[in-house]
Amino acid sequence: MSIIKLNATSSTNDYLKTLSKNQSLKNYTVVLADEQTNGRGQMGTTWSSEKGKNLIMSVLIKNVMSDIQHIFYLNMAVSLSVVQVLESLKLENIAIKWPNDIMAGNKKIAGILIENTIKPDNCIDTIIGIGLNVNQENFNNLPKATSLYCYCGKTFNIEEICKQIVAVLQNNVSKLLENHTFQKEYHQYLYRKDIPSVFSVNNLQFMGIIVGVNSEGKLQIKDETDTVTNYSLKEVALLS
């Protein structure tokens, strides 16, 4: 892999996106930054991080998928790559909060932002942004956040974790190209699956149970009448 190291950038995803437009980059080119001044998460949320303490990276994957309808399989492979590395570091109770947040217990330890570009030949280039809390000790304004340090009580080498994630990701993408969908594994780690939870749709709350995620990446929730409805990212919120 080729790693581009930056002291600071507004967004590693944006930096890599601009770079890939202006020059030919190797597959799995990585941008690694100590600080990100305008980090983004899902649905326009922000990702804040103490400088030099956490993993802030983006990786370019070229020509993996040719069908945008099945692009969520790549999301599954990416999320599972982070989970597998965290488990190799002896973390327990790791889960994937749909679609791409990684939880340690009931606290968020990582977030993933995946952006796709469909090229004229219909092949898809993907930029995967990963923010993983590594050595940050305090989350005073973020009570639902945690880090590897908080969880394990020791510091970690951030660049080594980056390399581990990319290596596992490469292996999982190879499986993806062999038509492995990762749905079964993703469901095994799905946060609050089969547990009664409170959801909100159009500001109306209801009790439901997450039963899975379909091939299009929609969350499947069974309500109190045993009706299963598929929800896209902006349609539903998990409250508790």
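Report on the accompanying structure.

Rules and cut-offs
Residues numbered from 1 in each chain as written. Predicted model: local features only at pLDDT ≥ 70, side-chain atom pairs only at ≥ 80, totals over all residues. Heavy atoms only, no water. Buried < 20%, exposed > 50% of the residue type's maximum accessible area, 1.4 Å probe, protein only. Helix = DSSP H or I, 4+ residues; strand = E, 2+ residues; numbered from the N terminus. Pairing = 2+ DSSP bridges. Disulfide = S-S within 2.5 Å. Core = buried A, V, L, I, M, F, W, Y, C linked by side-chain atoms within 4.5 Å. Contact = heavy atoms within 4.5 Å.

Quick look at the pairing of strand β3 (residues 55-65)
Regular strands have side chains that alternate between both faces of the sheet.
Line of reasoning, step 1. Most of β3 sits inside the fold, with 9 of its 11 residues counted as buried.
Line of reasoning, step 2. Pairing analysis gives 4 bridges linking strand β2 (residues 30-36) to β3, with the strands arranged antiparallel. The residue bridging V30 from the neighbouring strand is V59, located in β3.
Line of reasoning, step 3. As defined by bridge partners, β3 adjoins strand β7 (residues 124-132) across 8 bridges and the pair is classed as antiparallel. Bridge pairing in β7 places M57 opposite I130.

A short note on the state of the cysteines
Line of reasoning, step 1. As enumerated under the stated definition, the model contains 0 disulfides in all.
Line of reasoning, step 2. This cysteine, C152, is not joined by any disulfide, and C150 carries the nearest cysteine sulfur, 9.8 Å off.
Line of reasoning, step 3. Counting only cysteine sulfurs, C152 is the nearest neighbor of C162, a cysteine outside any disulfide, at a range of 18 Å.

Some thoughts on the nonpolar core
Line of reasoning, step 1. Within the largest apolar cluster, 59 residues are counted, with the highest numbers of intra-cluster contacts made by L55, I102, L132, L148 and I161.
Line of reasoning, step 2. The greatest single-element share of this core, amounting to 11 residues, is contributed by helix α2 (residues 72-88).
Line of reasoning, step 3. Other than its neighbours up to four places away in sequence, L148 contacts L86, L89, L91, I109, L132, N133, V134, G153, K154, F156 and I161.
Line of reasoning, step 4. Membership of the second largest hydrophobic core comes to 8 residues, among which are L16, L19, A33 and I127.

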